[in-house]
Amino acid sequence: NSTVGIFGTYTRDLPNTKLYKVAQNDEIKLGKASILTVINDNNIEEFTINILKIFKNDNSKKNILFEVTDDKLLNESGGIVQGMSGSPIIQDGKLVGAVTHVFVNDSSRGYGIAINNMLDMLISLKW
């Protein structure tokens with residue numbers, strides 16, 4: 001396991017998986033994006049979010065500040081809940097990051113880590 005949540009080994013192809021290009025950190029922008037997560041059964045769904053702020057600190061696990069804007073997610077779970085950490089953040093058809101934290105006093109807001117920070121950490125690990 002790493003400090004950015006990457007662990008495990010792939011031993012086979014993932015069936016029926018949509019592939020996303022990886023966004024560079026400078027491609028992440030304020031505004032509309034989405035997260036992919038599960039709130040019912042094992043169904044992965046896409047929910048809208050709004051990226052409010054981008055933090056350029058490469059060592060942080062809190063590079064992306066966002067708010068949930070999706071009515072279904074807000075109505076069914078109140079926003080970000082335990083178990084959603086690691087949910088991919090998608091913007092303009094590219095993987096930009098993953099959910100890491102929720103605001104304790106406001107579950108409609110959370111943080112994400114930039115995907116390139118995760119990948120840089122993976123490269124630096126000694127497997």
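Residues numbered from 1 in each chain as written. Predicted model: local features only at pLDDT ≥ 70, side-chain atom pairs only at ≥ 80, totals over all residues. Heavy atoms only, no water.

A. Region of interest: the overall build of the protein chain. Across its full length, the protein chain carries two helices and seven strands. For the protein chain, the α and β elements follow one another from N to C terminus as β-β-β-β-α-β-β-β-α. A burial count over the protein chain gives 35% of its 127 residues as buried. Long-range contacts, defined here as pairs at least 24 residues apart, represent 51% of the contacts in the protein chain between residues at least 6 apart. Approximately 8,200 Å² of the protein chain is accessible, and the part contributed by carbon and sulfur atoms is 50%. (Helix = DSSP H or I, 4+ residues; strand = E, 2+ residues; numbered from the N terminus. Buried < 20%, exposed > 50% of the residue type's maximum accessible area, 1.4 Å probe, protein only. Contact = heavy atoms within 4.5 Å. Areas by Shrake-Rupley, 256 points an atom, 1.4 Å probe, with all protein chains shown as cover.)

B. Fine view of the packing of aromatic side chains. Inspection of every chain in the model, using the stated rule, returns two aromatic pairs. Centroid distance Phe55 to Tyr111: 6.3 Å. Interplanar angle 55°. Geometry classified as tilted. With a gap of 56 residues between them, Phe55 in the loop between β3 (44-54) and β4 (64-68) and Tyr111 in strand β7 (residues 106-114) connect regions that are remote in the sequence. Through successive ring pairs, a cluster of aromatic residues spans Phe55, Phe103 and Tyr111. (Phe/Tyr/Trp six-rings, centres within 6.5 Å; stacked < 30°, edge-to-face > 60°.)

C. Spatial organisation of the side chain of Asp70. Mapping Asp70 onto the fold places it in the loop between β4 and α1 (71-77). Lys72 provides the closest opposite charge to the buried, salt-bridge-free Asp70, at an N-O distance of 7.2 Å. A distance of 3.0 Å separates the side chain of Asp70 from the backbone nitrogen of Lys72, its partner in a polar contact. Among the polar contacts listed, one links the side chain of Asp70 to the backbone nitrogen of Leu73, at a separation of 3.2 Å. (Lys, Arg positive; Asp, Glu negative; His and termini not counted. Salt bridge = Lys/Arg side-chain N within 4 Å of Asp/Glu carboxyl O. Polar contact = N/O pair within 3.5 Å; in protein donor to acceptor, adjacent residues only side chain to side chain.)

D. Region of interest: the nonpolar core. In terms of nonpolar packing, the biggest core is built from 17 residues, with Ile35, Ile49, Phe66, Ile80 and Ile89 touching the most fellow members. Secondary-structure elements contributing two or more residues to this core are β2 (31-38), β3, β4 and β6 (94-103). (Core = buried A, V, L, I, M, F, W, Y, C linked by side-chain atoms within 4.5 Å.)

E. Fine view of the environment of Ile90. Within the fold, Ile90 resides in strand β5 (residues 88-91). Residue Ile90 is classed as buried on the basis of its relative accessible area of 5%. Ile90 sits 41 residues away from Ile49 along the chain, and the two C-alpha atoms are 9.5 Å apart. In this structure, Ile90 is in contact with Tyr20, Ala33, Ser34, Leu36, Leu95 and Val96, ignoring residues within four places of it in sequence.

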